[in-house]
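# Examining the three-dimensional arrangement
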Amino acid sequence: MSDPKPEKPVAPTALDHTPVAASLGATLVAEAFGTLLLVLGVISTALFAADFPAGSDTNPLGVGFLGVSLAVGLTVVAGAYAFGPISGGHFNPAVTIGLAAAGRFPWRGVLPYIGAQVVGGLVATTCIVLIGLFGPDGWLSKAQDGGFASNGWGKLSPGGFGIGAAMIVELLFTGLFVIVILGVTHASRGTRFAGLAIGLTLTLIHLATIPIDNTSVNPARSIATAVYGGVDALSQLWVFIVFPILGALLAGLAYRALFDGTKTG
């Protein structure tokens with residue numbers, strides 16, 4: 001039996017099963033795959049299943065706004081549990097910036113994460129285009145003429161809302177989304193069901209705001225669809241980059257100031 005209190009220091013024994021932090025490459029690939037899953041799930045549902053058969057007035061089999069909202073929530077839940085342990089499961093440039101503003105993520109990692117997220121989103125919509133090439137005659141051109149599920153205001157808004165509504169929605173709901181994320185993932189106050197809570201929150205956001213601007217709260221999702229959505233979608237894209245990021249930044253700073261302070265007295 002070994003001496004529990006040896007006179008000389010004992011070198012630690014290597015443990016092959018000790019968890020090793022994921023490499024930068026692995027975290028970026030995880031972010032790209034998670035964003036691909038998110039964009040592929042929600043945009044495929046919006047373009048293929050929301051209105052089915054296509055152009056049907058009665059929409060007998062289409063899943064509608066409810067189905068699209070559930071699709072985005074389900075993909076976030078799946079991505080959070082599949083890739084969250086590797087990269088943190090941001091899948092959204094606004095979330096990455098919000099977490100950095102709250103002190104939960106290093107600023108030096110923001111640009112690489114955003115790059116991976118944008119690439120993942122673009123791969124997703126490119127896959128949808130490839131599927132559309134083998135669809136019914138005219139399906140792809142009709143989808144692109146309709147904006148390819150891009151975010152927008154005016155004629156790109158499902159409900160005809162203007163630019164002011166889009167700005168407010170993206171700032172407000174992205175900020176609330178980031179605050180929920182910061183709350184449920186808190187080191188001491190968080191929950192093991194964080195992925196589920198985040199997914200359900202995103203479902204709720206989509207249920208409330210799809211009619212206004214097709215719901216972004218995620219610049220990577222907006223970029224991915226605008227690329228194939230035509231000139232109008234690209235000309236309106238700036239709103240869905242600037243205002244989600246601004247909302248997330250304000251939310252991160254506010255959460256840090258309001259809820260992460262040190263108790264005094």
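Structural notes, computed from the coordinates. Not measured: the values here are computed from a predicted model.

## Description of the environment of Gly 199
Along the chain, Gly 199 falls in helix 7 (residues 194–213). Gly 199 sits in the buried class, given a relative accessible area of 2%. Each C-alpha atom, one on Gly 199 and one on Gly 73, is 4.2 Å from the other, the two residues being 126 residues apart in sequence. Setting aside residues no more than four positions away along its own chain, Gly 199 makes contact with Gly 73, Val 76 and Val 77.

## Brief notes about the packing of aromatic side chains
For the coordinates displayed, the defined rule picks out 8 aromatic pairs. On the numbers, 5.7 Å between centres and 50 degrees between planes, the contact of Phe 148 with Tyr 228 is tilted. Taken as a pair, Phe 148 in the loop between helix 5 (139–145) and helix 6 (163–184) and Tyr 228 in helix 8 (residues 219–229) lie far apart in primary sequence, 80 residues in all.

## Considering the packing of helix 3 (residues 93–101) against helix 10 (residues 239–259)
Relative orientation of the contacting elements helix 3 and helix 10 amounts to 25 degrees, with a least axis distance of 7 Å. In this view, helix 3 runs roughly parallel relative to helix 10, as classed from their interaxial angle. Seen from above, helix 3 lies across helix 10 with right-handed handedness. Within the contact between the two elements, helix 3 uses Ala 94, Ile 97, Gly 98 and Ala 101 and helix 10 uses Pro 244, Ile 245, Ala 248, Leu 249, Gly 252, Leu 253 and Arg 256. Across the contact of helix 3 with helix 10, the residue classes break down as 8 nonpolar, 2 polar and 1 charged.

Definitions and cut-offs
- What you see as residue numbers is a count from 1 along each chain, following the sequence as written.
- A pLDDT threshold of at least 70 governs which residues receive local features in this predicted model, and a stricter bar of 80 or more applies before side-chain atom pairs are shown or counted, although totals over entire chains, interfaces and linings include all residues.
- With hydrogens and water set aside, each side-chain value is computed from the structure's full complement of heavy atoms.
- Helix and strand labels come from DSSP, where a helix needs a run of H or I of at least four residues and a strand needs a run of E of at least two; each type is numbered from the N terminus.
- Remark: exposure states derive from per-residue accessible area (1.4 Å probe, protein chains only) relative to the maximum for the residue type, with buried under 20%, exposed over 50%, and partly exposed in between.
- Whether two residues touch is decided by their heavy atoms; if any such pair falls within 4.5 Å, the residues are in contact.
- In this scheme Phe, Tyr and Trp rings, the latter by its six-membered ring, pair at centre separations within 6.5 Å, and the angle between planes marks the pair as stacked below 30 degrees, edge-to-face above 60, and tilted otherwise.
- In this analysis an axis means a line fitted to C-alpha atoms, helices contributing only their contacting stretch, and an angle means the value between N-to-C directions, from 0 to 180 degrees.
- Under this scheme an angle from 65 to 115 degrees is roughly perpendicular, one under 35 degrees roughly parallel, and one over 145 degrees roughly antiparallel; angles in between are oblique.
- Should the near helix be turned anticlockwise from the far one by less than a right angle, the crossing is termed left-handed; should it be turned clockwise, right-handed.
- Three categories are distinguished: nonpolar for Ala, Val, Leu, Ile, Met, Phe, Trp, Tyr, Cys and Pro, charged for Asp, Glu, Lys and Arg, and polar for the others, with Gly belonging to the last.

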